[in-house]
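Report on the structure
Here's the letter readout for the chains.
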Amino acid sequence: MDRSKDTKRKSGHGSACGPRYGRNVLMTPGPTNLPDRVLAAMNRPAVDLLDPEFVALAESTIEDMKRIFKTESHIFMYAANGHGAWEAALSNLIGIGDRLLVPHTGVFSKAWAEMARRLGAEIEEIAGDGRSAIDLDAVEKRLRADRERHDPIRAVLAVQTDTATSVTSDIAALRQTIDAAGHPALLLVDVVASLCTVDFRMDEWGVDVAIAGSQKGLMAPPGLAFTAVGERAIEVGGRSDAPRRAYWDWQVRTGDEFYMKFCGTPPEHLIWGLREGLNILFEEGLDGVFARHLRMARAVHGAVERWASSGSIELNVPLPHQRSNAVTTIRIDPDFDIDRIRQWVRDGPGVSLGSGLGPLEGRAFRIGHMGWVNEAMLLGALGSIELAFQHFDVPYGKGGVEAAIDSLGFDLR
């Protein structure tokens, strides 16, 4: 076998590893693994969209999403992905020419800002290095300077966990920063990658709008998006001169008519799946869910820190308290073809990993450890990655899997 370190010249196809057996281990940061109970819940015929049993179940999911967001506010559910929830929040609140402040932590904060720009907003950005959390001092300074303007910044757009960089920011501290600046800006928070992987307290932390999708910590299929909307945001939206986009409009979806809660036919099978996913989460208890994600994340971080002793591999986020419990972004020496390595891991051992995004394209890979993942899946994925490092002669510190085992063993005692 050619053992050259140039992975572009090495065999990286599944055929070199022989036939594929067993299940693929999905370790991407979305979509995530679906529990068998969720799959079974969706395995049923469609029903009349006003079937009383279905209506009651759908309304129960809307109500129980309040427990997930930890809010007494409104929950709006869309047949969409997280980008749809972004647009729902913007189209209800932001008019043409309104100014927004966006502190950057990675690809998704920039993408949300770009969407707002395309909808007519003026964007003021606080640069980030893609490796650390929101710069709170810079936010406070910018907002203090903005208070005297006749057209103050309408909202701050923040991402709790950027899925591309795996940076996690302190949202409670961000709200305190906005208040310390004495600024009236709304706080809009993307929790797509963080919801149900780390604690989020919408009402307690003073978040005006929270945005999420179904395909990550909620353990449901892709295709459902959520906006949790506080009373202040409802009021602002009601008097906003934002161009009305009927499908996203909160005013249209507020009321007792069930049909209009979805602005048409509800996505029945996705709702059945979500209902069962919520049941599983509540059976475990949210505190238990958060503890489990922390345990998995520490195991991955421990493995990567051991690999990093070679100098060719490193965690994207240096500070432990800013690392995600949901996804870990791992930088690798650009001399190695990481996409070929990922393909080999997928087609050979059978583990699907996330690619690098944005500035990290071709320079990083991502391990998703959120949702329906257990210790065996995690250790198998880490072992498969080490197998790939050996195959492609990537220098790595030995003992990453052992470090993960030590971490998990300590947490389970």
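Let me begin by describing the structure that accompanies this report.

Thresholds applied
Residues numbered from 1 in each chain as written. Predicted model: local features only at pLDDT ≥ 70, side-chain atom pairs only at ≥ 80, totals over all residues. Heavy atoms only, no water. Salt bridge = Lys/Arg side-chain N within 4 Å of Asp/Glu carboxyl O. Helix = DSSP H or I, 4+ residues; strand = E, 2+ residues; numbered from the N terminus. Buried < 20%, exposed > 50% of the residue type's maximum accessible area, 1.4 Å probe, protein only. Pairing = 2+ DSSP bridges. Contact = heavy atoms within 4.5 Å. Expected span 1.5 Å × (residues − 1). Polar contact = N/O pair within 3.5 Å; in protein donor to acceptor, adjacent residues only side chain to side chain. Core = buried A, V, L, I, M, F, W, Y, C linked by side-chain atoms within 4.5 Å. Axes fitted to C-alpha atoms, helices over the stretch in contact; angles between N-to-C directions.

This part covers the pattern of salt bridges. Inspection of every chain in the model, using the stated rule, returns 26 salt bridges. Close ionic contact of Arg117 with Glu114 constitutes a salt bridge, the shortest N to O distance being 2.9 Å. With Arg117 and Glu114 both in helix H4 (residues 107-118), this residue pair falls 3 residues apart, about one helical turn. Ionic pairing is found between Arg346 and Asp347, a salt bridge with its closest N-O pair at 2.8 Å. In this structure Asp347 comes out as buried when scored by relative accessible area, which is 14%. In the salt-bridge network here, residues are joined through shared partners; they are Lys70, Asp199, Arg201 and Glu204.

The next point concerns the pairing of strand E7 (residues 209-213). Judged by how many residues are buried, E7 sits mostly within the fold: 5 of 5 residues are covered. The two faces of E7 match: Val209, Ile211 and Gly213 on one face and Ala210 and Ala212 on the other face are all buried. The pairing of strand E6 (residues 186-190) with E7 spans 3 bridges and is classified as parallel. Bridging across to E7, Leu188 finds its partner in Val209. For E7 and strand E8 (residues 224-229), the ladder comprises 5 bridges, and the chain directions are antiparallel.

With respect to the helices, strands and loops of the structure, Ser214 is situated in the loop between E7 and E8. With relative accessibility at 0%, the residue Ser214 sits in the buried group. When neighbours within four sequence positions are excluded, Ser214 is seen to be in contact with Met219, Ala220, Pro221, Pro222, Gly223, Leu224 and Phe226.

Because each turn of an α-helix spans 3.6 residues, side chains separated by three or four positions end up pointing in the same direction. Taking 1.5 Å per residue, 17 residues should reach 24 Å; helix H11 (residues 268-284) reaches 25 Å between its end C-alpha atoms and fits that length. When you tally the buried positions in H11, you get 13 out of 17 residues, the bulk of the element. Just past H11, the residue Gly285 takes up positive phi, approximately 90 degrees.

Turning to helix H14 (residues 375-391), a few remarks are in order. Helix length check: H14 (17 residues) gives 24 Å between terminal C-alpha atoms against 24 Å at 1.5 Å per residue, within 8%. Among all positions of H14, only Leu378, Ala381, Leu382, Ser384, Ile385, Glu386, Ala388, Phe389 and His391 are buried. For H14, the capping residue at the N-terminal end is Asn374, with a side-chain oxygen 3.2 Å from the backbone nitrogen of Ala376. Immediately beyond the C-terminal end of H14, within one or two residues, lies Asp393, with a positive phi of roughly 55 degrees.

A word on the side chain of Ser166. In this structure, Ser166 sits in the loop between strand E5 (155-159) and helix H6 (171-180). From its side chain, Ser166 meets the backbone nitrogen of Thr329 in a polar contact 3.2 Å long.

It is worth spelling out the nonpolar core at this point. Counting residues in each nonpolar core, the largest one holds 55 residues, and the members touching the most others are Ile68, Phe69, Leu195, Phe200 and Leu218. The biggest single contributor to this core is H11, with 8 residues. Sequence-distant contacts of Phe69, defined by excluding residues within four places in its chain, comprise Ile75, Val191, Leu195, Phe200, Arg201, Met202, Ala210, Ala212, Phe226 and Ala228.

What follows deals with the sheet that holds strand E3 (residues 99-103). Strand order across the open sheet formed by 7 strands is E2-E8-E7-E6-E5-E3-E4, with mixed pairing between neighbours. Edge strands, defined here as strands with exactly one partner in the open sheet, are strand E2 (74-79) and strand E4 (122-126). Strand-to-strand twist of the sheet, defined as the mean angle between neighbouring strand axes without regard to direction, takes the value 20 degrees. Summarising the sheet, E3 and E5 pair through 2 bridges and their orientation is parallel. Bridge pairing in E5 places Leu100 opposite Ala155.

Looking along the chain, the bond that leaves Gly30 and enters Pro31 is cis, with omega of 0 degrees. A positive phi is found at Ser166, a non-glycine position, where the angle reads about 65 degrees. In this structure Ser166 comes out as buried when scored by relative accessible area, which is 4%. Its identity as a non-glycine residue notwithstanding, Asp393 has a phi of 55 degrees, on the positive side. Note that Asp393 resides in the loop between H14 and helix H15 (400-412).

Turning our attention to the sheet that holds strand E11 (residues 351-355). Reading across the sheet, the 5 strands line up as E1-E11-E12-E10-E9 and stay open at both edges, with mixed pairing between neighbours. Every interior strand has two partners, whereas the edge strands, strand E1 (25-27) and strand E9 (313-315), have only one. Each adjacent strand pair in this sheet contributes to an overall mean axis angle of 30 degrees, direction not counted. The sheet contact formed by E11 and strand E12 (residues 364-368) spans 2 bridges and is antiparallel. If you follow Ser355 over to E12, its bridge partner there is Phe365. Running at roughly 145 degrees to E9, helix H12 (residues 286-307) makes contact with E9, strand E10 (327-332) and E12 of the sheet.

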